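# Examination of the molecular architecture
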Amino acid sequence: MRRRLAVAGLIVLVALACAAVWRAGRSEPALGERVMEVAATLRCPDCQGLSAAESPSKLAGAMRAEIGRRLARGRDPESIREYFVRRYGERILLSPPMSGASAALWALPVVVLAAGCAAVVRTARRERPVTPAAGRSSGAGVPSPRSRAGLAGAVLLTAACAGGVAAATLARPDGVPAPAPVVSAAAPRAGEPPESPDSLLALGRRLDARGETGQAVQVYREAVRLSPRDRTARRLLGLALIRAGRPAEAVPVLRPAARRSPRDPDVLLALGAAEITADPPAGRRTLRRFLRFARPGHPAIAAVRRVLREETA
Amino acid sequence: MDPAGPVDTVDPPAPAGPSRRWRYPALLLVAAAVMALSAILARGLARGPVEPAVPADRPAPKLSGTTLDGARFTLGELRGHVVLVNVWASWCESCREEFPLVVETARRLGPRGLRIVGVDTRDTREAARLFLRESGVTGVTGVNVPVQLFDPDGRLALELGVLGVPETFLVGRDGRIADRVLGPVTQRWIDRAVLPRLTP
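Cut-offs applied
Residues numbered from 1 in each chain as written. Chains lettered and ligands numbered in written order. Predicted model: local features only at pLDDT ≥ 70, side-chain atom pairs only at ≥ 80, totals over all residues. Pairing = 2+ DSSP bridges. Helix = DSSP H or I, 4+ residues; strand = E, 2+ residues; numbered from the N terminus. Buried ≥ 20, exposed ≤ 12 C-beta atoms within 10 Å, placed from the backbone. Contact = placed C-beta atoms within 7 Å. UniProt positions renumbered as here; feature names shortened; annotations may be inferred. Axes fitted to C-alpha atoms, helices over the stretch in contact; angles between N-to-C directions. Parallel < 35°, antiparallel > 145°, perpendicular 65-115°, else oblique. Left-handed = near helix turned anticlockwise from the far one by under 90°. Nonpolar A, V, L, I, M, F, W, Y, C, P; charged D, E, K, R; others polar.

## Some details on the pairing of strand β8 (residues 176-182) of chain B
Residues and elements named next belong to chain B. Pairing geometry for strand β1 (residues 58-59) and β8, over 2 bridges, is antiparallel. Its bridge partner being in β8, Pro59 is matched across the sheet by Arg176. Pairing of strand β7 (residues 167-171) with β8 involves 5 bridges; the strand directions are antiparallel. Opposite Thr168, over in β8, you have Val181 as the bridge partner. Turn length for the β7-β8 hairpin, with the two strands adjacent in sequence and antiparallel, is 4 residues, and the turn residue Gly175 shows positive phi of about 80°.

## Concerning the environment of Gly214(A)
One can find Gly214(A) in helix α9 (residues 213-226). Residue Gly214(A) is classed as exposed on the basis of its C-beta count, with 11 C-beta atoms lying within 10 Å.

## Quick look at the environment of Ala60(B)
Residues and elements named next belong to chain B. Among the secondary structure elements, Ala60 is positioned in the loop between β1 and β2 (64-66). Accessibility expressed as a C-beta count within 10 Å gives 22 for Ala60, which makes it buried. Put simply, Ala60 and Val171 are 111 residues apart on the chain and 6.7 Å apart in space, counted from C-alpha to C-alpha. Apart from the residues within four sequence positions on either side, Ala60 is in contact with Leu75, Val171, Gly175, Arg176 and Ile177.

## Concerning unusual backbone geometry
Residue and element names in this part refer to chain B. Omega for the peptide link from Val165 to Pro166 comes to 0°, which places this bond in the cis form. Tracing the chain through its elements places Pro166 in the loop between α5 (155-160) and β7. Its identity is not glycine, yet Arg122 carries a phi of approximately 45°, on the positive side. In this fold, Arg122 is placed in the loop between β5 (114-121) and α4 (125-134). In this structure Arg122 comes out as buried when scored by C-beta crowding, with 24 C-beta atoms within 10 Å.

## Thoughts on the sheet that holds strand β4 (residues 82-88) of chain B
Strand-to-strand pairing in sheets goes through backbone hydrogen bonds, with the strands running parallel or antiparallel. Residues and elements named next belong to chain B. Taken in spatial order, the 6 strands line up as β1-β8-β7-β4-β5-β6 in an open sheet, and their pairing is mixed. Looking at strand neighbours, the two that pair on one side only are β1 and β6 (147-151), the edges of this open sheet. Here β4 pairs with β7 via 5 bridges, running antiparallel. Bridge pairing links Leu84 to Leu170 in β7.

## Looking at the UniProt feature "transmembrane region" (unreviewed entry) in chain A
In this structure's numbering, the residues bearing the UniProt feature "transmembrane region" (unreviewed entry) are residues 103-121 of chain A. The annotated region residues 103-121 of chain A carries 100% helix and 0% strand content, and the separation between its end C-alpha atoms amounts to 27 Å.

## Topic: the packing of helix α8 (residues 197-209) of chain A against helix α10 (residues 231-243) of chain A
Residue and element names in this part refer to chain A. At a minimum axis distance of 11 Å, the contact between α8 and α10 shows a crossing angle of 25°. Taken as axis vectors, α8 and α10 run roughly parallel relative to one another. The two elements α8 and α10 meet at a crossing, and its hand is left-handed. Contacts between α8 and α10 involve Pro197, Leu201, Gly204 and Asp208 from the former and Thr232, Ala233, Leu236 and Ala240 from the latter. Considering only residue class, the contact of α8 with α10 consists of 5 nonpolar, 2 polar and 1 charged.

## Notes on the UniProt feature "transmembrane region" (unreviewed entry) in chain B
Under the UniProt annotation, the feature "transmembrane region" (unreviewed entry) is placed at residues 22-42 of chain B. For residues 22-42 of chain B, the helix share is 100%, the strand share is 0%, and the end-to-end C-alpha distance is 30 Å.

Right under this line is the structure:
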């Protein structure tokens, strides 16, 4: 009975592992996502230890644009990596190709895992020494310790593999909305930097989420420069500046957005938060406006009321 | 739990022959593996970070594009000349510092056959023109630095394998990259690397 349960569990685990592998390979991601995937395997040329996907540098931006152009032309990721290797050498790859010593390094975890499993199996076997009677009774319902130990080893190995696949599948989307395609057309118009504000905002959000506020500010600033009328870009830049302890710089960024959309509670909230330290009377006015236009369930209402009470007290 | 439990756990007999026979060889094997691994790691530590292998001696890429004033240009047109390909941008402070030397070098060594091609990368046309005007280069392209390729999306910079801005490549008469400078060029580098290649 127990043995059947164990076998059933094993089958379920293997099925889950297969499902995870299949799922990972099935969905066709959007161009922007594919660009980021390829860029994540390449080193940013002008910074240290960052991939071309996460660096805000100009050259990394150029690399993302080039990757987008090539993907749109139907090139596969491998040939795109080759393009960069021909120009930069193999150091442009974040994980260099397997060869010689690096192959041994790749194999090491597998060997260690196998050795660990073998040790577990051995210990399990030794704890219940095989009695001749139990060893031979194969037809009986009691599983022999030897087969149970083997089963335990197999379960461990499968669990480890399933865990690895699950981790790899779950690790890819990092809770940040997928960036819009970096390049919208195969041929960018001359005189216009090809990086779209949307992809910059996505990059900025990712940097922000990792606590790299300074770099996020740079990226958002670039997005605001590219589309000065985009109030989301202005709001994100303003909030990042406030978090970076530079609310006075956030005010001139946010005021144009508040002028253009004077009833957007999120813009008003960001502007009010910036003004309340830089220019308290204006901040109180803006926050009162926020209270007037915020929808009833807005999560910031209570905090804003508190700030206004403290300010007037 | 198992009624037989207490009997089993009382001093199990010492493991039988096979595991004892393999204990020492196994220990030796593990020790050897650990030693080998530490030797590899120690060697890596002692060697320190490997300097990036910058591929210098290779054919110059077939750069082609439009210049800041809209003319077509390919690097191949200058085959047979010694060419400095200088990658810059208006947003780059060190480029501003380096630019006077580039202009001066073009003026001084142009008569001896040196050609200079600027690559204005990840930039806007307006900012680049302002930069050139502020740097004392007359007109849009200037008389001294004849060609300024416009590279708004960084395609040409990637084609060259640029690692940062500014960066300068020395292309020999045979069309191969003979040398490169990461960062601003210096008078010393020009004297050492460029001068010997020019006609006296």
